[in-house]
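One-letter residues, chain by chain:
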Amino acid sequence: MTQDFIETGMAAELAPGTMKRVDAGGRRILLANVAGRLCAVDDTCTHEEASLSTGVLKGELVKCPLHGSRFNVCTGEALEEPAEDNLRTYAVRLEGGRVLIDLHEAGTP
Ligand code: FES
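I will try to describe carefully the structure that is included in this document. Treat the numbers as computed from the prediction; the structure is a model and nothing was measured.

Criteria and thresholds
- The residue numbering used here restarts from 1 in each chain and proceeds along that chain's sequence as written.
- The predicted nature of this model means local features are confined to residues of pLDDT at least 70 and side-chain atom pairs, given and counted, to a pLDDT of 80 or more, with totals for whole chains, interfaces and linings taken over all residues.
- Put simply, DSSP H or I for four residues or longer makes a helix, DSSP E for two residues or longer makes a strand, and each gets a number counted from the N terminus.
- Partly exposed residues are those whose C-beta has more than 12 but fewer than 20 other C-beta atoms within 10 Å; with 20 or more the residue is buried, with 12 or fewer it is exposed, and the C-beta atoms are placed from the backbone.
- Whether two strands pair comes down to DSSP finding at least two bridges between them.
- Orientation is described by axes fitted as lines to C-alpha atoms, over the contacting stretch for helices, and by angles from 0 to 180 degrees between their N-to-C directions.
- One nonpolar core equals one set of buried Ala, Val, Leu, Ile, Met, Phe, Trp, Tyr and Cys residues connected by C-beta atoms within 7 Å.
- Placing C-beta atoms from the backbone, we regard two residues as in contact once those atoms come within 7 Å.

A closer look at the environment of K58
Tracing the backbone through its elements, the reader meets K58 in strand β5 (residues 56-58). The class for K58 is exposed, based on 11 C-beta atoms found within 10 Å. Sequence separation between K58 and V34 is 24 residues, and the spatial gap between their C-alpha atoms is 8.6 Å.

Following this line, the structure appears as C-alpha cells:
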C-alpha cells in the first residue's frame, strides 16, 4: 500500500468543533476536528461544487452553504439531497502535533 502523507499544519490550530480548507497536492480538502478526532474529506460539494468549509459543522455533519446537503465528514457519506454522491475521504495521521493527510490512498466515494 503506497502512502503519500502531506503536512497540513498543527493539530493545535484546529479546535474541536471547527473545520478548515486545506489546499494540498492539487486538491481542496476539508479538515474537521470532531471532538478531538481529525477527519478529512474533499472540500468540494458533490452537488454543485460549493466549498463545504464555508458551511456549518455540527458534530460529524457538515451542511453545504449553497443548497443545504449534509455530509458526514468522517465517512464522506452524503446524507441529505440534493447531493447524492459521497465525498472522498482521506486518512489523517498525527506526528509530533503535526497533521498529515494521505493524498495517495484516498478512500473512494
Ligand atoms: S452545492 Fe452543495 S448542496 Fe448544492
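Further notes follow.
Concerning the sheet that holds strand β6 (residues 61-63)
The 3 strands lie next to each other as β5-β6-β7, forming an open sheet whose pairing is antiparallel. Whereas interior strands pair on both sides, the edge strands pair on one side only; in this sheet they are β5 and β7 (70-72). Looking at each pair of strands side by side, their axes are set apart by 25 degrees on average, direction ignored. As defined by bridge partners, β6 adjoins β7 across 3 bridges and the pair is classed as antiparallel. Counted as the bridge partner of K63 is R70 from β7.

Some thoughts on the nonpolar core
If you look at the biggest cluster of nonpolar residues, it comprises 25 residues, and the most contacted ones within it are L30, L31, A32, C39, A40, V41 and V73. Of all the secondary structure elements, the ones that give two or more residues to this core are β2 (19-24), β3 (27-34), β4 (37-42), β8 (89-95) and β9 (98-107). For this core, the element with the most residues is β3, which contributes 5 residues. Once you skip the residues sitting within four places of it in the chain, V41 turns out to touch L30, F71, V73, G76, L87, R88, T89 and Y90.

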